[in-house]
Amino acid sequence: MKPKEIDWNQLSSIIENHKGEQWGLIPLLQEIQETIGYIPPESIEKISNAVNLFPAQVQGVITFYAGFSLTPKGKYVVRICRGTACHVKGSRSILRLTKKELGLEKGETSPDYQFTLETVACLGACFLAPAMMVNRTYYGKLSPPKVSSVLAQFKKQEGQ
Amino acid sequence: MDEISMAINGIRVSCPPGITILEAAEQNGIKIPKLCYHPDLKPFGACRLCLIEEEKNGRVMASCVTPVAAKMEVLTDSPRVIRHRKNIVRLMMAEHPESCVVCSKGNRCQLRGIAAEMGLGETGLYPIPNYKSIEQANPFIVRDLSKCILCGKCIRADHELVVAGAIDYNLRGFKSRPATLYDLPLEGSNCTFCGTCVSICPTGALSPKTTGYVGTPEKETLTSCGFCGVGCSILMGVADDRAVEINPSGLNGSVNGATLCVRGHFAHDFLNSKERLTQPMIRGESDLKTVSWDEALDRVASRLLAIKKDYGPQSIGFFGSSKCTNEENYLFQKMARVLFGTNNLDNGGSMAGRPALQIIDEKTDGRSRINPLANLEKAEVICVLGADPCQSAPVLSYYLKRAAKRGVPLIGIDPRKTDLFPFSTLWLAISPDKDYELINCLAAMVWKKFAHDSNFIERFTEEFNLYTEALSSFNPERLCLASGLDMKSLAYAADLVKGKKISFVVGHGITQQKHGARSMEAILNLSLMTGSLGCESGGLYVITKENNQVGAWDMGTVPDALPGRIPLGDGSGRGEWERAWDVKISPDQGLNVVRMLEEAEKGNLKALYIMGENPLRSLPQHERVEAALKHLDLLVVQDILDTETTRIADVVLPGAAFSEKGGSFTNMEGRIVCFTQVVPPPRDGKPDWEILDLLGLKMGYPKAYRSLERIRAEMVRLIPMYAGLQETPGDAWTWIRRTETEKTLRFSPLQTTDQGPMDDDYPLTAILGSQRFHLGGGTRTGISKRIKDFGLKGEVSLSSKDGARLHVKSGDTVHIQSREGALIREARIDEDLNEGQIFVPTAFHKNDAMNLVGLSVLGSESSQGLKTCQVRVEKLEGSK
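Residues numbered from 1 in each chain as written. Chains lettered and ligands numbered in written order. Predicted model: local features only at pLDDT ≥ 70, side-chain atom pairs only at ≥ 80, totals over all residues.

Attention shifts here to the overall build of chain A. A count of helical and extended segments in chain A gives seven helices and four strands. The order of helices and strands in chain A, counted from the N terminus, is α-α-α-α-β-α-α-β-β-β-α. The buried share among the 160 residues of chain A stands at 31%. Counting only contacts in chain A whose residues sit at least 6 apart along the sequence, the fraction spanning at least 24 positions is 63%. (Helix = DSSP H or I, 4+ residues; strand = E, 2+ residues; numbered from the N terminus. Buried ≥ 20, exposed ≤ 12 C-beta atoms within 10 Å, placed from the backbone. Contact = placed C-beta atoms within 7 Å.)

Pasting the structure below:
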């Protein structure tokens with residue numbers, strides 16, 4: 001299966017809206033990441049022209065921040081917290097279980113572009129440890145059954 | 001502002017505000033170790049080695065990014081600072097491969113140097129080498145990023161000095177490395193292989209790819225680059241009496257600072273090539289055979305004197321070199337004028353656009369001879385006309401790109417969108433024959449806005465009224481109709497220059513063009529009108545193709561002027577030279593190189609003495625030139641390489657390259673750069689001045705010079721322009737002396753333009769131009785190993801529309817025919833070209849591009865110029 005087709009017109013109009021100063025780069029990248037789901041590498045040169053930077057500089061900013069991706073991600077991005085608090089509370093098993101449930105390794109995206117599995121250093125929700133996020137929703141105080149049911153919920157949504 | 005008083009290591013120092021603690025310490029002789037700091041780059045604070053401790057509050061900070069403040073008391077080597085510093089170096093070493101034994105950075109590695117200074121051998125840490133594969137597909141630069149310490153010097157040099165933007169940091173944390181876009185190899189990026197990053201890299205992460213020698217050169221000697229008119233200051237690394245490495249000198253005030261271009265850095269391989277001439281040769285029955293110096297010089301002297309006796313002085317010609325030194329050109333023309341009484345003198349620069357330079361010199365009465373490129377830092381608006389400095393004079397292009405990045409408006413006027421296009425504020429892609437009209441239209445629009453500099457005009461100029469009257473006949477609307485430009489762009493251009501001093505950068509698209517002289521006058525008129533002359537924020541920078549093009553002219557190796565640019569027609573000036581040399585000098589112009597060849601064809605010119613030129617490659621119509629030279633009774637060629645021309649010579653004298661002798665070059669700025677010998681000439685080769693000196697003695701000149709200093713002393717005495725040489729040490733520079741003049745500047749009268757009808761048989765306009773890997777005809781760069789290994793094909797570029805019409809795709813072979821000649825080349829479709837124009841790079845394939853244009857005297861009525869010609873393009877069958 002292929003990722004969602006990129007709407008190049010939409011992409012160009014985002015770039016056009018942010019045309020101008022160099023400080024506009026990060027808001028521009030954020031908007032592309034948000035709308036398209038990732039930053040198509042082919043768009044780097046267009047972006048760099050719009051903000052008057054070298055393409056290599058734009059690439060450097062994209063690859064520096066974990067929030068930007070140059071490859072398409074799944075519809076649901078699952079982020080397992082691997083911070084200290086979560087680690088103490090057993091996030092290693094949570095990760096192992098999630099890998100097994102989704103059939104993905106860390107950083108991988110499923111071939112049908114439904115799921116991407118990532119780990120983060122800390123989600124800032126230590127009181128909920130062990131925690132994970134699916135897209136923008138937090139899931140805390142996880143246990144293996146809870147992980148399975150959360151993931152099943154998203155898989156089920158897809159099944160319909 | 002008041003000086004700031006502070007204490008460094010307990011010593012009271014005072015320093016100007018705004019500088020960093022590191023700079024303050026260095027100014028006071030206190031050394032602080034550093035890896036990421038470079039005086040030409042913005043402070044960065046990456047390596048943290050320059051840590052210092054503030055005594056009062058115990059704060060530790062990086063001195064390279066911390067400005068000085070009053071009453072500060074800092075310690076640069078407290079136990080705490082030393083402990084931190086050692087740990088930083090230990091961590092760097094733990095990540096660094098232990099390959100010092102085979103690393104080509106050798107003893108110049110700054111990391112190794114600092115570790116040694118600190119007494120760090122074993123790190124005592126668990127090594128975590130960060131291995132990356134070594135990338136070295138291109139023949140110039142080896143990237144071994146396992147040795148990278150992330151100081152960012154290469155990236156900052158790329159962005160701040162060279163402004164190429166090929167690399168930046170990629171990824172983050174342990175994985176972070178400098179990378180090109182999409183992490184492609186360098187040849188897949190917009191890297192120009194200038195090698196600036198290689199010279200600036202403190203470790204072995206970036207090193208030059210050398211073929212013959214690996215390691216630290218035995219010594220490094222300061223000299224001057226042998227290629228283009230910028231004349232960069234370089235350090236030549238020597239091992240076993242061979243030049244093995246080139247680096248920018250980085251000298252304060254030098255034209256190039258820490259930068260160089262691909263030619264300067266990597267194309268000097270020709271110095272060690274097997275094509276070097278090493279022994280004098282004389283033509284026997286058919287072949288050239290090796291002889292002793294005595295025999296060769298005897299032959300030259302006796303034959304030349306015999307020809308002079310039999311046929312008179314007009315039967316001998318002298319073709320000097322814009323690549324030989326000032327001292328040599330001075331001797332060369334003196335030999336011609338004193339011993340042979342002829343003005344048949346010329347140098348390669350005459351075909352590289354001297355007539356246009358001459359116009360400025362005459363019209364300004366020598367007031368625009370000095371144009372330091374550093375003034376471009378103060379430019380208000382830059383106008384680049386018919387120039388592709390990114391290819392022809394890369395170090396000049398860095399100045400322009402830096403200015404553009406700072407926000408100085410840059411207007412490009414060129415049919416092709418060159419590499420400067422992305423930096424330009426406005427690009428006027430005018431066709432090559434319309435620049436005269438364009439400049440005048442621009443002037444008319446400035447006049448309409450009353451944006452001229454009336455103060456300047458009143459004080460220094462005359463005939464402004466006539467000029468403005470004539471301007472009224474130039475109609476911007478009509479130009480737009482005829483050229484496809486739009487009024488909006490033209491109006492924008494006028495807006496950009498109005499009320500400002502303009503810095504003009506003029507290239508061969510003007511100076512080698514048919515009406516180059518006329519366009520030069522128009523440019524000069526516009527700069528007078530805007531008061532752009534004689535100030536630092538404006539100026540007229542004309543690109544010279546070769547490193548001593550200006551010097552060869554100054555020394556009088558031209559048919560119409562004596563040393564010091566004294567016209568032959570100037571009676572009193574000539575009289576002074578007659579007295580100095582004790583001879584009669586004919587006031588009549590001698591033959592220039594084209595006329596010499598024409599006279600040779602007719603059999604009137606019997607002998608030609610060529611020093612350091614390869615006309616069989618550099619001039620148009622190679623076959624015609626060859627036939628003319630073969631028609632001579634005597635052809636003497638003094639050169640450093642076995643060339644097309646030496647192969648047909650009767651006597652070949654092996655000279656010395658710039659690195660093998662002392663001397664001076666004068667660059668496009670008017671800077672006279674002196675240099676000393678770096679290595680001896682190969683085998684029997686001799687410095688060219690020495691050959692001329694010996695020859696002079698044999699031909700009856702009473703006294704030999706025997707040393708460079710004596711020649712220089714005579715130049716200093718007799719040429720006021722070069723008086724500055726007197727107190728200049730052997731490896732420093734001085735400037736051409738300004739001549740005092742009261743003459744008012746006169747606006748040049750305008751001419752009406754009418755283009756001849758297009759020839760339907762040749763519907764396309766071919767533009768000839770250089771590529772940064774080669775210089776001129778490519779005699780030297782063409783045999784430089786690394787340039788050859790890069791494997792450029794020199795494709796001809798066509799616009800996509802012409803490509804479609806002619807069914808030519810990239811990779812096809814095309815036949816290009818002009819009225820004068822033809823060539824076959826691979827084609828490439830270039831989106832940036834205008835329809836109806838093709839681009840043919842020079843220097844490739846024995847410089848066959850020059851066969852498309854006719855051999856003619858540049859600037860003469862009949863000349864079609866050397867820059868463009870009408871052609872017909874056909875796709876060759878059998879190509880893909």
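Per the secondary structure count, chain B includes 27 helices and 37 strands. The C-alpha radius of gyration of chain B comes to 29 Å, within 12% of the 29 Å expected for a compact globule of 880 residues. Referenced to the eigenvectors of the C-alpha coordinate spread, the extents of chain B come out at roughly 85 × 70 × 65 Å. In chain B, which comprises 880 residues, the proportion classed as buried is 55%. Restricting the contact set of chain B to residue pairs at least 6 apart, pairs at least 24 apart contribute 73%. (Rg over C-alpha atoms; globule rule 2.2 N^0.38 Å.)

Residues and elements named next belong to chain A. Here the UniProt-annotated "binding site: [2Fe-2S] cluster" (unreviewed entry) positions come out as C81, C86, C122 and C126. Over a stretch of 46 residues, the named residues converge on one spot in the fold, their C-alpha atoms separated by at most 9.2 Å. By the element assignment, C81 lies in strand 1 (residues 76-81). Here C81 is in contact with C86, S91, V120, C122, L123, P130, A131 and M132, once residues within four sequence places are set aside. Residue position: C122 is located in the loop between strand 2 (115-120) and strand 3 (132-134). Discounting residues that sit within four places of it in the chain, C122 has contacts with C81 and G83. (UniProt positions renumbered as here; feature names shortened; annotations may be inferred.)

Mapped onto this numbering, the UniProt entry gives "domain: 4Fe-4S His(Cys)3-ligated-type" (unreviewed entry) at residues 80-119 of chain B. Helix makes up 60% of residues 80-119 of chain B and strand makes up 0%, while its end C-alpha atoms are separated by 16 Å.

This paragraph deals with the packing of helix 1 (residues 8-17) of chain A against helix 2 (residues 25-36) of chain A. Residues and elements named next belong to chain A. The interhelical angle for the contact between helix 1 and helix 2, taken along N-to-C directions, is 160°, at an axis separation of 10 Å. Looking at the two axes, helix 1 sits roughly antiparallel to helix 2. Considering only the axes of helix 1 and helix 2, their crossing is right-handed. Each of Q10, L11, I14 and I15 in helix 1 lies in contact with helix 2, whose residues at this interface are L28, E31, I32, T35 and I36. Residues of the contact of helix 1 with helix 2, tallied by class, amount to six nonpolar, two polar and one charged. (Axes fitted to C-alpha atoms, helices over the stretch in contact; angles between N-to-C directions. Parallel < 35°, antiparallel > 145°, perpendicular 65-115°, else oblique. Left-handed = near helix turned anticlockwise from the far one by under 90°. Nonpolar A, V, L, I, M, F, W, Y, C, P; charged D, E, K, R; others polar.)

Listed per partner, the contact involves ten residues of chain A and twelve residues of chain B. Tallying contributions element by element places helix 4 (residues 55-64) of chain A first for the side of chain A that touches chain B, with seven residues. Across the side of chain A that touches chain B, the residue classes break down as six nonpolar, four polar and no charged.

All names here are of chain B. The strand order across the open sheet formed by three strands is 10-11-12, and the pairing between neighbours is antiparallel. The two strands at the open ends of the sheet, each matched to only one other strand, are strand 10 (219-224) and strand 12 (242-248). Shown here is a sheet whose adjacent strand axes are inclined to one another by a mean of 35°, direction ignored. Sheet topology places strand 10 next to strand 11 (residues 233-239); six bridges connect them, and they run antiparallel. Note that in strand 11 the partner of E220 across the bridge is G237. (Pairing = 2+ DSSP bridges.)

With that out of the way, let us pick up the pairing of strand 37 (residues 868-875) of chain B. Residues and elements named next belong to chain B. As defined by bridge partners, strand 32 (residues 764-769) adjoins strand 37 across four bridges and the pair is classed as antiparallel. Bridging across to strand 37, T765 finds its partner in Q870. The sheet contact formed by strand 34 (residues 813-818) and strand 37 spans five bridges and is antiparallel. Across the sheet, the residue bridging to I816 is V873, located in strand 37.

All right, on to the confidence of the model for chain B then. Of the residues in chain B, 99% have a pLDDT of 70 or more, and the chain-wide mean is 93. Taken over the whole predicted complex, pTM reads 0.95, whereas the ipTM for its chain interfaces reads 0.89. (pLDDT = per-residue confidence, 0-100.)

Time to look at the UniProt feature "domain: 4Fe-4S Mo/W bis-MGD-type" (unreviewed entry) in chain B. The sites that UniProt annotates as "domain: 4Fe-4S Mo/W bis-MGD-type" (unreviewed entry) are residues 218-275 of chain B. Helix makes up 9% of residues 218-275 of chain B and strand 34%, with an end-to-end C-alpha separation of 25 Å.

Residue and element names in this part refer to chain B. Within the sequence span of helix 25 (residues 708-718), burial applies to L708, I711, R712 and M715. Angularly, the buried residues of helix 25 cover 95° about the axis, an arc narrow enough to put them on a single face. Exposed side chains of helix 25 directed beyond 90 degrees from the buried face belong to E709 and R717. Elements that come into contact with the buried residues of helix 25 comprise helix 8 (326-339), strand 28 (663-666) and helix 24 (688-698). (Arc of directions from axis to C-beta.)

To continue, consider the environment of K46 of chain A. All names here are of chain A. If you trace the backbone, K46 turns up in helix 3 (residues 44-51). Note on K46: 16 C-beta atoms within 10 Å, which makes it partly exposed. Separated by 35 residues in the primary sequence, K46 and L11 have C-alpha atoms spaced 9.9 Å apart.

Residues and elements named next belong to chain B. With respect to topology, five strands assemble into an open sheet ordered 19-18-17-21-22, the strand pairing being parallel. Looking at strand neighbours, the two that pair on one side only are strand 19 (426-428) and strand 22 (539-542), the edges of this open sheet. Neighbour to neighbour, the strand axes of the sheet diverge by 15° on average, direction disregarded. Relative to strand 21 (residues 502-506), strand 17 (residues 381-385) is paired through five bridges, and the arrangement is parallel.

Once that is clear, we can look at the packing of helix 9 (residues 354-363) of chain B against helix 18 (residues 516-529) of chain B. All names here are of chain B. At a closest axis distance of 8 Å, the pairing of helix 9 and helix 18 adopts a crossing angle of 40°. In this structure, helix 9 meets helix 18 at a crossing whose hand is right-handed. Two secondary-structure elements touch here, helix 9 through P355, A356, I359, I360 and K363 and helix 18 through G516, A517, M520, E521 and L524. Residues belonging to the contact of helix 9 with helix 18 are distributed by class as follows: seven nonpolar, one polar and two charged.

We now examine the environment of I134 of chain B. Residues and elements named next belong to chain B. Along the chain, the position of I134 falls in the loop between helix 3 (110-117) and strand 6 (141-143). Distance in space between the C-alpha atoms of I134 and F340 is 61 Å, their sequence separation being 206 residues. Beyond its immediate sequence surroundings of up to four residues, I134 is in contact with V142 and D144.

To continue, consider the domain arrangement of chain B. Parsing chain B into structural domains produces domain 1 (4-77), domain 2 (124-272), domain 3 (281-348 + 548-735), domain 4 (354-542) and domain 5 (764-875). For domain 1 of chain B and domain 3 of chain B, the distance between their C-alpha centres works out to 55 Å. (Domains from an automatic or database assignment.)

Cis rather than trans, the peptide bond between A129 of chain A and P130 of chain A has omega equal to -10°. Here P130 of chain A shows up in the loop between strand 2 and strand 3. The phi angle at R683 of chain B is positive, at roughly 45°, despite the residue not being glycine. Summarising the element assignment, R683 of chain B is placed in the loop between strand 29 (671-675) and helix 24. In this structure R683 of chain B comes out as exposed when scored by C-beta crowding, with 10 C-beta atoms within 10 Å.

Time to look at helix 16 (residues 487-497) of chain B. Residue and element names in this part refer to chain B. Burial in helix 16 covers these residues: L490, A493, A494 and V497. When helix 16 is viewed along its axis, its buried side chains cluster within an angular range of 95° and face the same direction. Considering only its buried residues, helix 16 is in contact with strand 17, strand 18 (410-413), strand 19, helix 12 (435-448), helix 15 (476-483) and strand 21. Backbone geometry just after helix 16 places G499 at a positive phi near 70°.

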